[in-house]
Amino acid sequence: MAKVLLVDDEERIIDILSIMLEGAGHQTFSALNGREGFDVLKNEPIDVVISDICMDEMDGLGLLKNIRAHNLGCPVIFITAYGTVESAVNALRLGAVDYLVKPFNERDVTLAIERALGLRTILSENAQLRRQQRQSKYSAAVFASPAMQKVRKMADKVAPGDATVLLTGESGTGKEVMARYIHH
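About the criteria used
- Residue positions are given per chain, counting from 1 as you read along its sequence in written order.
- At least 70 in pLDDT is required for a residue's local features to be given in this predicted model, at least 80 for side-chain atom pairs to be given and counted, and no such filter applies to totals for whole chains, interfaces and linings, which use all residues.
- To get the side-chain values, all heavy atoms of the structure are used, and hydrogens and water are removed first.
- Only DSSP runs of H or I with at least four residues qualify as helices, and only runs of E with at least two residues qualify as strands; both kinds are numbered from the N terminus onward.
- For this measure, only C-alpha atoms enter the radius of gyration; the expected value for a globule follows 2.2 Å times N^0.38, where N is the number of residues.
- Buried, partly exposed and exposed residues are distinguished by accessible area as a fraction of the type maximum, computed with a 1.4 Å probe on protein chains only: under 20%, between the cut-offs, and over 50%, respectively.
- We call two residues in contact whenever any of their non-hydrogen atoms come within 4.5 Å of each other.
- Per-residue and other accessible areas follow the Shrake-Rupley method at a 1.4 Å probe size, with only the shown protein chains counted as cover for residues.
- Two residue types count as positive, namely Lys and Arg, and two as negative, namely Asp and Glu; His and chain ends fall outside the count.
- Every charge is mapped to an atom, namely NZ of Lys, CZ of Arg, CG of Asp or CD of Glu.
- What makes a salt bridge here is a side-chain nitrogen of Lys or Arg within 4 Å of a carboxyl oxygen of Asp or Glu, nothing more.
- Buried and open spaces are told apart on a 1 Å grid over the protein atoms alone, a cavity being a set of points where a 1.4 Å probe fits but cannot get out and a pocket being an open set with protein on both sides within 12 Å along at least five of seven lines. Residues with an atom within 4 Å of a point are the lining residues.
- Grid points are joined across faces, edges and corners, and a volume is the space filled by probe spheres set on the points.
- Any residue outside Ala, Val, Leu, Ile, Met, Phe, Trp, Tyr, Cys, Pro, Asp, Glu, Lys and Arg is labelled polar, Gly included; the first ten of those are nonpolar and the last four are charged.

**Notes on the overall build of the protein**
Summing up its helical and strand segments, the protein has seven helices and five strands in all. At 22 Å, the protein has a C-alpha radius of gyration far larger than the 16 Å of a compact globule built from 184 residues. Seen along its three principal axes, the alpha-carbon backbone of the protein occupies a region of about 70 × 30 × 30 Å. Put simply, the protein has 184 residues, and 34% of those count as buried. Of the contacts made within the protein by residues no fewer than 6 positions apart, 60% connect residues no fewer than 24 positions apart. Summed over all atoms, the accessible surface of the protein reaches about 11,400 Å², with 53% contributed by carbon and sulfur. For the protein, the separation between the mean place of its 21 positive charges and that of its 24 negative charges on side chains is 15 Å.

Below you can see the structure in the form of structure tokens.
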């Protein structure tokens, strides 16, 4: 079961998609434009967004840009009645995972959701593996001594920021290892 946000300025489309997706076991949320959709995303952990492209206030591309800018990490599937190759390429370049042209059928929508959820799982697992790799790369041996534990704690505090850090010390003391640790 996935939480799916439906964003379209035509309530009839939202109703059709809701019936389709809830029948398949998904939970749906709805919004009539990109701005309302983004408000839902700020308050609810959504797994997939299905959005029209052409809407008032904030269109689907604006919604996608906001999702990317705020690192919300949910895949976006676009649906549109005005499908062109140019708009499809533009949407995919901006990070949409799929592009469906109205009228669509239930099979196309469910397959698009399955692909989007699969992609989300892969990206999540990839990020987790990267974190694990970073942690194992800087194993306990590097930070074994109490002095290095203090250095590591300081590095953990400064790493999330964008401040410049100066590492000093004699040759062979681990400045380069620490610089990589902070960078990662």
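Now that the structure has been shown, we can carry on.
**Comments concerning the pattern of salt bridges**
For the structure shown, the criterion picks out ten salt bridges. The partner of Arg 180 in a salt bridge is Glu 176, with the nearest N and O atoms 2.6 Å apart. Remark: Glu 176 and Arg 180 occur in helix H7 (residues 175-183); sequence separation between them is four residues, near one turn of the helix. What makes Arg 180 partly exposed here is its relative accessible area of 42%. A network of salt bridges, in which partner residues are shared, links Asp 8, Glu 10, Arg 12, Asp 52 and Lys 102.

**Comments concerning the layout of surface pockets**
Here the largest pocket defines a volume of roughly 290 Å³. Every residue lining the largest pocket is counted, 13 residues in all, and those nearest its centre are Val 151, Met 154, Leu 167, Met 178 and Ile 182. Of all the secondary structure elements, the ones that give two or more residues to the lining of the largest pocket are helix H6 (146-158) and H7. The biggest single contributor to the lining of the largest pocket is H6, with five residues. Taken together, the residues of the lining of the largest pocket sort by class into nine nonpolar, three polar and one charged.

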